[in-house]
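Structural features, examined
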Amino acid sequence: MSLIGRTAFVTGAGSGIGRATCQVLARDGANIIAADVNEANARKTIELIDKSESKNLSIAIDVSKSSNVKHVLDKVLETYKKPPSIIVNCAGITRDNFILKLSEENFQEVIDVNLKGTFLVLQAFANAIIEHQISPASIINIGSVSSKNGNMGQANYCASKAGVELLTKTAAKEFGKVGIRVNAVLPGFISTPMTAIVPEKVKAILLKQIPLARLGNPEEIAEVISFLASEKSSYINGASINVNGGMV
Ligand SMILES: NC(=O)c1ccc[n+]([C@@H]2O[C@H](COP(=O)([O-])OP(=O)(O)OC[C@H]3O[C@@H](n4cnc5c(N)ncnc54)[C@H](O)[C@@H]3O)[C@@H](O)[C@H]2O)c1
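Here is what the cut-offs are and how they apply
- Residues numbered from 1 in each chain as written.
- Predicted model: local features only at pLDDT ≥ 70, side-chain atom pairs only at ≥ 80, totals over all residues.
- Heavy atoms only, no water.
- UniProt positions renumbered as here; feature names shortened; annotations may be inferred.
- Helix = DSSP H or I, 4+ residues; strand = E, 2+ residues; numbered from the N terminus.
- Rg over C-alpha atoms; globule rule 2.2 N^0.38 Å.
- Buried < 20%, exposed > 50% of the residue type's maximum accessible area, 1.4 Å probe, protein only.
- Areas by Shrake-Rupley, 256 points an atom, 1.4 Å probe, with all protein chains shown as cover.
- Lys, Arg positive; Asp, Glu negative; His and termini not counted.
- Charge placed at Lys NZ, Arg CZ, Asp CG, Glu CD.
- Near = heavy atom within 4 Å.
- Polar contact = N/O pair within 3.5 Å; in protein donor to acceptor, adjacent residues only side chain to side chain.
- Contact = heavy atoms within 4.5 Å.
- Core = buried A, V, L, I, M, F, W, Y, C linked by side-chain atoms within 4.5 Å.
- Pairing = 2+ DSSP bridges.

As annotated in an unreviewed UniProt entry, the chain is (3R)-3-hydroxyacyl-CoA dehydrogenase from Henosepilachna vigintioctopunctata. Taken from UniProt, the Subunit (unreviewed entry) comment for the chain reads in full: "Heterotetramer with CBR4; contains two molecules of HSD17B8 and CBR4." As stated in UniProt under Sequence similarities (unreviewed entry), the record for the chain gives "Belongs to the short-chain dehydrogenases/reductases (SDR) family."

**What about the overall build of the chain?**
Tallying secondary structure elements over the chain gives nine helices and seven strands in all. Scaling as 2.2 N^0.38, a compact globule of 248 residues should have a C-alpha radius of gyration of about 18 Å, and the chain matches this with 17 Å. Taken over the C-alpha atoms alone, the chain extends approximately 50 × 35 × 35 Å along its principal axes. Counting only residues that meet the buried cut, the chain has 52% of its 248 residues in that class. Surface accessibility of the chain: about 11800 Å² in total, with carbon and sulfur atoms responsible for 56%. Positive and negative side-chain charges of the chain, numbering 26 and 22 respectively, have mean locations separated by a distance of 4 Å.

**Side note on the site of the ligand**
Around the ligand, a shell composed of 28 residues is seen, among which Ser15, Asp36, Tyr157, Ile190 and Thr192 lie nearest. In this structure, a nitrogen atom belonging to the ligand sits 3.1 Å away from a main-chain N or O atom of Val63. A distance of 2.5 Å separates an oxygen atom of the ligand from a polar atom in the side chain of Thr192. Mapped onto the shell around the ligand, the elements with two or more residues apiece are helix H1 (16-27), helix H6 (155-175) and helix H7 (193-196).

**Observations concerning the side chain of Asn114**
If you trace the backbone, Asn114 turns up in helix H4 (residues 104-131). What makes Asn114 buried here is its relative accessible area of 0%. The residues touching Asn114, leaving out its near neighbours within four places in the chain, are Ala91, Gly92, Ile93, Tyr157, Ser160, Lys161 and Val164.

**Side note on the nonpolar core**
One recurring pattern in soluble globular proteins: nonpolar side chains tend to sit buried together. Ranked by size, the top nonpolar core spans 34 residues in total, and within it Phe9, Ile180 and Val182 carry the most contacts. Elements represented by at least two residues in this core include exactly strand E2 (31-36), strand E3 (57-60), helix H3 (66-80), H4, strand E5 (137-142), H6 and strand E6 (180-187). Setting aside residues up to four positions removed in sequence, Val182 forms contacts with Leu122, Ile139, Asn141, Thr168, Ala171, Ala172, Phe175, Asn237, Gly238 and Ala239.

**Some thoughts on the environment of Ala171**
Locating Ala171 in the fold gives a position in helix H6. Along the chain, Ala171 and Ile129 lie 42 residues apart, while their C-alpha atoms are 14 Å from each other. Ignoring sequence-local partners within four residues, the contact set of Ala171 consists of Leu122, Gly176 and Val182.

**Describing the pairing of strand E4 (residues 86-89)**
Burial along E4 is two-sided: Ile86 and Val88 facing one way and Ile87 and Asn89 facing the other are all buried. Of the pairings in the sheet, the one linking E4 to E5 comprises four bridges and is parallel in character. The residue of E5 that forms the bridge with Asn89 is Asn141.

Below, the structure written as structure tokens:
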């Protein structure tokens, strides 16, 4: 229960890795603010961890819109009187296509949610954390194994996740002095609704690249996020942690 007394704000909390993160952080003692563009799913996440909803909150957010992120931060401050000390940027989308067929719209959409969205949430909440002198604080951004070497059909996604990694390293350098650690978790091939749409033929090829010979579970990512959120990782800052079964 290393997170007692802490509050965690998790985006993409209505599904997959975000939902598992809320469950694991709650198990470890944190109050949870589950934020997702799909409000009903965020509410379901809170119901799964706390029937009374006493210290936990679900909230609608579109991370790609700065005005919406600011509105959500205001609502959080109104409810909790101080900003959360754990921020997990888990909201993410894919719009896969080969480069020659990839539309400008689908390129932009992925950059807006995955990269700009991570930036907007990180900037708004870090500002509030600094203003309220909250310390320790930990921000965890979700990158991807595919940002390392690229992946056919995912130019937009790989570029967005590579951006998330360097945004993380830069934020770690800027915020270290005010007691905010910023790290990235780079999941491999994890069993969630996002990967459920991957065709079986492609799945079989990907499985061959995973030494542990299986997909990961969202909980296996969430456990690392909880470690990074806690003071057990107090000297880890600016790191990118692979959680991918050995996939390269
Ligand atoms: N599943 C994998 O194999 C895998 C691998 C590497 C990285 N990731 C990353 O992990 C994160 C979670 O992925 P997942 O597999 O759980 O996916 P998921 O599709 O199950 O969940 C993503 C959640 O993000 C929400 N979301 C989408 N757009 C949003 C927006 N504009 N604002 C707020 N919320 C929004 C969705 O409603 C959804 O609930 C993503 O950033 C994804 O890129 C996943």
